[in-house]
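Descriptive structure summary
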Amino acid sequence: MQLYQEQTLKITNSLSGKKEIFKPINEGHVGMYVCGPTVYSNVHLGNCRTFMSFDMIFRYLRHLGYKVRYVRNITDAGHLVDDADEGEDKIAKKARLEKIEPMEVVQRYTVDFHYILDQFNFLPPSIEPTATGHIIEQLEIIKEILEKGYAYEINGSVYFDVKKFNDTFEYGKLSGRKLEDMIANTRELAAQSEKKNPQDFALWKKAEPQHIMRWPSPWGDGFPGWHLECTAMSTKYLGETFDIHGGGMDLKFPHHECEIAQAEASNGHSPVNYWLHANMLTMNGKKMAKSTGNNILPGEIFSGENTILSKPFSPSVVRFFMMQAHYTSILDLSNDALLASEKGYHRLMDAFDNLKNLETDTISDFDVPGWRQKCYDAMNDDFNTPILIAHLFEGVKHINLIKEGKEKITSTDKDLLQQTMSDFIFDVLGLEHKTESNQDSNKLQGVVELLIELRNEARSNRDFSTSDKIRDQLSAMGIQLKDGKEGTTFSVS
Ligand code: AMP
Ligand code: ZN
């Protein structure tokens, strides 16, 4: 018996706008695709929030016992500067500015992406395919869409014919837009473009001579449109219809709308059963974004090298901060919010440490099985991590009461409490417990303070050879002593 057979998971499907009971296509298996980063710059904390929301979802699905194939792509070609069909490729532009190869840009920022996600304790996806590795699959889909009559070629480019598609299917159903309204709003733009309609989007773009990222095709040298890679890679690895497609809220239109259109035009049916959209991280009330400069890099938070926060914060504290909001709510980053999360994180971890030393009794004052189910109920209700965390703190309250001798717990309940806390804190929320390193640094502090005391004694006895020996040998180990008005302090390099 797997946990998913005992629990009823409901998720908000952006397509219906409703909370729906989750039922995968193949029992026990889940196929999930999430749009990955365009690797032309360092990931900021906003990007990390979206990926972290899906890491939590991936973790919970696995925890329930599902075998999850999680595909998260790397966009290494085709994403143009203006997000529409004009302008330079984001990666090629960066390569031109830095005078390096586009694939050097891709490598640099893919490595950065993995490094940052690793520090946040992300689980790696099952497959991480690239757009440039799937040009052939993308060409096949274009041919199929052309054959079915939902695309047209003009001057070496191929565009998706949105109006034609809308005669049979429904363009705009995910984002709740009507094609007629879109057309009415963009009438004057129509004449400037080679497209039949401004709503049409590129499946393939002809490469101008200066465009360095180019591939041969039946329509001449060019490159794929941004939306096509996700259709090609999700279909290849998860099938024509799969369970979950996720991404940031800002990708709903046009990116995901176009993905639906491409898949329906080529296969004749809807590609995804559940569309999930994660909400944005803001700073000073505005969306965190690369383009506006309103952003902070995770590394700047971990090191404290920034002008926004009063101190460094660890990856686990930042992760805990993110998990305190529901993934569909906007979350605003601030120093006060991070300070509060840090306190909460330590309270949770301290209680977890105290748990193993609790004395047990023949009765329990705390209904542990009931509390455990409440934790599941929270996660089953569209992955409600803030409610889950509230229940975990309910657990903390009882741990502290039992520790103080004001409540009792049986040994069976204690084991269940420990297992449940561990499952949700570490496996589902993905937090890390750095006690050992904390304890090590506490020990180091104690040892150095003892040596400082011995050095002070030696100095007051005018035993300078001993006091110098302590200072010099510590310095050789990378521990610098600094004598000041308030006494001696130390720093570790
Ligand atoms: P990009 O690399 O621009 O394609 O973005 C990668 C992912 O980050 C997409 O899923 C975006 O929706 C997401 N994203 C961008 N900005 C934010 C933000 N401020 N908060 C949350 N997610 C974001
Ligand atoms: Zn995508």
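This structure is a prediction, so every number in the text was calculated from the model and none was measured. Here, residues in each chain are numbered from 1, in the same order as that chain's written sequence. Here every chain gets a letter starting at A, and every ligand a number starting at 1, in the order they are written. Residue-level local features of this predicted model are given only where pLDDT is at least 70; pairs of side-chain atoms are given and counted only at 80 or more, and the full residue set underlies all totals for whole chains, interfaces and linings. Heavy atoms throughout the structure, all of them, feed into the side-chain values; hydrogens and water do not.

**Focus: the side chain of His326**
For helices the rule is a DSSP run of H or I covering at least 4 residues; for strands it is a run of E covering at least 2, with both sets numbered from the N terminus onward. On the secondary structure map, His326 appears in the loop between helix H11 (315–323) and strand E13 (331–333). Of the polar contacts made by the side chain of His326, one reaches the side chain of Thr328; its length is 2.7 Å. Any pair of residues with heavy atoms lying within 4.5 Å of one another is described as a contacting pair. Apart from the residues within four sequence positions on either side, His326 is in contact with Arg49, Asp381, Asp382, Phe383, Asn384 and Pro386. Any N or O atom pair separated by 3.5 Å or less is treated as a polar contact, with the protein-specific requirement of one donor-capable and one acceptor-capable atom, and with residues adjacent in sequence counted only for side-chain atom pairs.

**A word on the pattern of salt bridges**
Pairing between side chains becomes possible if they bear opposite charge and their charged atoms approach one another. One side-chain nitrogen of Lys or Arg within 4 Å of one carboxyl oxygen of Asp or Glu is enough to make a salt bridge. What the rule picks out here adds up to 21 salt bridges. Residue Asp381 pairs with Lys19 through a salt bridge whose shortest N-O separation is 2.8 Å. Here Asp381, found in the loop between helix H13 (368–380) and helix H14 (385–403), pairs with Lys19, found in strand E2 (residues 18–21); they are 362 residues apart in sequence, far enough to count as distant. Using a 1.4 Å probe on the protein chains alone, a residue whose accessible area is under 20% of its type maximum counts as buried, one over 50% counts as exposed, and one in between counts as partly exposed. A relative accessible area of 46% places Lys19 in the partly exposed class. Between Lys173 and Glu264 there is a salt bridge, with its nearest N and O atoms 2.7 Å apart. Note that Lys173 is positioned in the loop between helix H6 (162–168) and helix H7 (179–185) and Glu264 in helix H9 (residues 252–267), a separation of 91 residues in sequence. Judged by its relative accessible area of 24%, Lys173 falls in the partly exposed class.

**Some details on unusual backbone geometry**
A cis amide bond links Phe253 with the next residue in sequence, Pro254, at an omega value of 0°. As for its position among the elements, Pro254 is in helix H9. A positive phi angle, near 50°, is found at Asn155, a position not held by glycine. Tracing the backbone through its elements, the reader meets Asn155 in the loop between strand E5 (151–154) and strand E6 (157–160). Even without being a glycine, Asn284 presents a positive backbone phi close to 55°.

**Some thoughts on the coordination of the zinc ion (ligand 2)**
Those donors, Cys35 (SG), Cys230 (SG) and His255 (NE2), are the protein atoms that reach the zinc ion (ligand 2), and they lie 2.0 to 2.2 Å from it. Any N, O or S atom lying within 2.8 Å of the metal counts as a donor, and for Na, K and Ca the limit rises to 3.2 Å; water is left out, so some sites can look incomplete. Between consecutive donor residues of the zinc ion (ligand 2), the sequence gaps follow C-x194-C-x24-H. Of the two residues, Cys230 sits in helix H8 (residues 228–238) while His255 sits in helix H9, which places them 25 residues apart along the sequence. Residues Cys230 and His255 agree in their burial class; the two are buried.

**Examining the nonpolar core**
In this structure, Leu45, Leu61, Phe160, Phe383, Leu392 and Met421 are the most contacted members of the largest nonpolar core, which totals 123 residues. Per-element tally for this core: the top contributor is helix H2 (residues 45–63), with ten residues. For this core, the two domains that each supply at least three residues are domain 1 (3–278) and domain 2 (305–428). Excluding residues that lie within four positions of it along the chain, Leu61 makes contacts with Leu9, Phe22, Val30, Met32, Tyr66, Val68 and Ile244. Counting 14 residues, the second largest nonpolar core, distinct from the first, contains Ala131, Leu174, Phe242 and Trp275. For this analysis, a nonpolar core means a set of buried residues of the types Ala, Val, Leu, Ile, Met, Phe, Trp, Tyr and Cys, connected via side-chain atoms within 4.5 Å. Residue ranges assigned to each domain were obtained from an automatic or database domain assignment.

**Here's the deal with the site of ligand 1**
We define proximity as follows: a residue is near a molecule or strand when any one of its heavy atoms falls within 4 Å of that partner. In the region of ligand 1, 15 residues are neighbours, and Gly46, Thr50, Asp250, Leu281 and Met288 sit closest. In this structure, an oxygen atom belonging to ligand 1 sits 3.3 Å away from a main-chain N or O atom of Gly248. Residue Met288 places a main-chain N or O atom 2.7 Å away from a nitrogen atom belonging to ligand 1. Bound to the protein, ligand 1 loses 91% of the 500 Å² it would expose on its own. Among the elements that make up the shell around ligand 1, the one with the highest residue count is H2 (four residues). Three categories are distinguished: nonpolar for Ala, Val, Leu, Ile, Met, Phe, Trp, Tyr, Cys and Pro, charged for Asp, Glu, Lys and Arg, and polar for the others, with Gly belonging to the last. Classifying every residue of the shell around ligand 1 by side-chain character gives six nonpolar, seven polar and two charged. Working definition of accessibility: Shrake-Rupley area with a 1.4 Å probe, residue cover restricted to the visible protein chains.

**Here's the deal with the sheet that holds strand E9 (residues 242–248)**
Strands are labelled as partners when DSSP assigns at least two bridges between them. An order of E4-E3-E9-E10 is seen for the four strands of this open sheet, with the pairing classed as parallel. Two strands in the sheet have a free side with no partner beyond their single neighbour: strand E4 (67–72) and strand E10 (272–278). For this sheet the average axis-to-axis angle between neighbouring strands, irrespective of direction, equals 20°. Inspection of the sheet shows strand E3 (residues 29–34) paired to E9 by three bridges, in the parallel sense. Within E9, the position partnered with Val34 by the bridge is Gly246. In this fold H9 packs onto E9 and E10, with an angle of close to 160° to the strand it touches most, E9. The angle between two axes is taken between their N-to-C directions and runs from 0 to 180 degrees, where each axis is a line fitted to C-alpha atoms and a helix contributes only its stretch in contact.

**Here we look at the packing of aromatic side chains**
Planes of paired rings set the category: under 30 degrees apart is stacked, over 60 is edge-to-face and the rest tilted, where pairs are Phe, Tyr or Trp rings (Trp by its six-membered ring) whose centres lie within 6.5 Å. Tallied over the full model, the rule gives 22 aromatic pairs. Note on Tyr152 and Tyr159: the rings are 6.0 Å apart at their centroids and 40° apart in plane angle, and the pair reads as tilted. We classify Tyr159 as buried; its relative accessible area is 1%. Two thresholds decide whether a charge sits over a ring: the Lys NZ or Arg CZ must be within 6 Å of the ring centre and within 35 degrees of the ring normal. The ring of Phe58 is capped by Arg62, whose NZ or CZ atom sits 5.3 Å from the centre of that ring.

**Here we look at the pairing of E4**
Of the pairings in the sheet, the one linking E3 to E4 comprises six bridges and is parallel in character. Its bridge partner lying in E4, Val34 is registered against Arg72. A clockwise path from the first strand over the helix to the second, with the strands pointing away from the viewer, defines a right-handed crossover. Crossover handedness for the path E3 to H2 to E4: right-handed.

**Structural notes on the UniProt feature "binding site: Zn(2+)" (unreviewed entry) in the protein**
UniProt positions are given in the numbering used here, feature names are shortened, and annotations may be inferred rather than shown by experiment. The sites that UniProt annotates as "binding site: Zn(2+)" (unreviewed entry) are Cys35, Cys230, His255 and Glu259. Look at the named residues: they lie 225 residues apart in sequence, but the longest C-alpha span between them is just 11.0 Å, so in the fold they bunch up. On the basis of relative accessible area, His255 is assigned to the buried category, the value being 2%. His255 has contacts with Cys35, Trp226, His227 and Cys230, leaving out every residue within four places of it along the chain. Assignment of secondary structure puts Glu259 in helix H9. Taking relative accessible area as the criterion, Glu259 reaches 4% and is therefore assigned buried. If we ignore the near neighbours within four places in the chain, the residues touching Glu259 are Cys35, His227, Cys230, Thr231, His245 and Trp275.

**Digging into the UniProt feature "binding site: ATP" (unreviewed entry) in the protein**
In the numbering used here, UniProt assigns the "binding site: ATP" (unreviewed entry) feature to Lys290. With a relative accessible area of 42%, Lys290 lands in the partly exposed category. Contact partners of Lys290, with chain neighbours within four places excluded, come to Tyr40, Ser41, His44 and Asn295.

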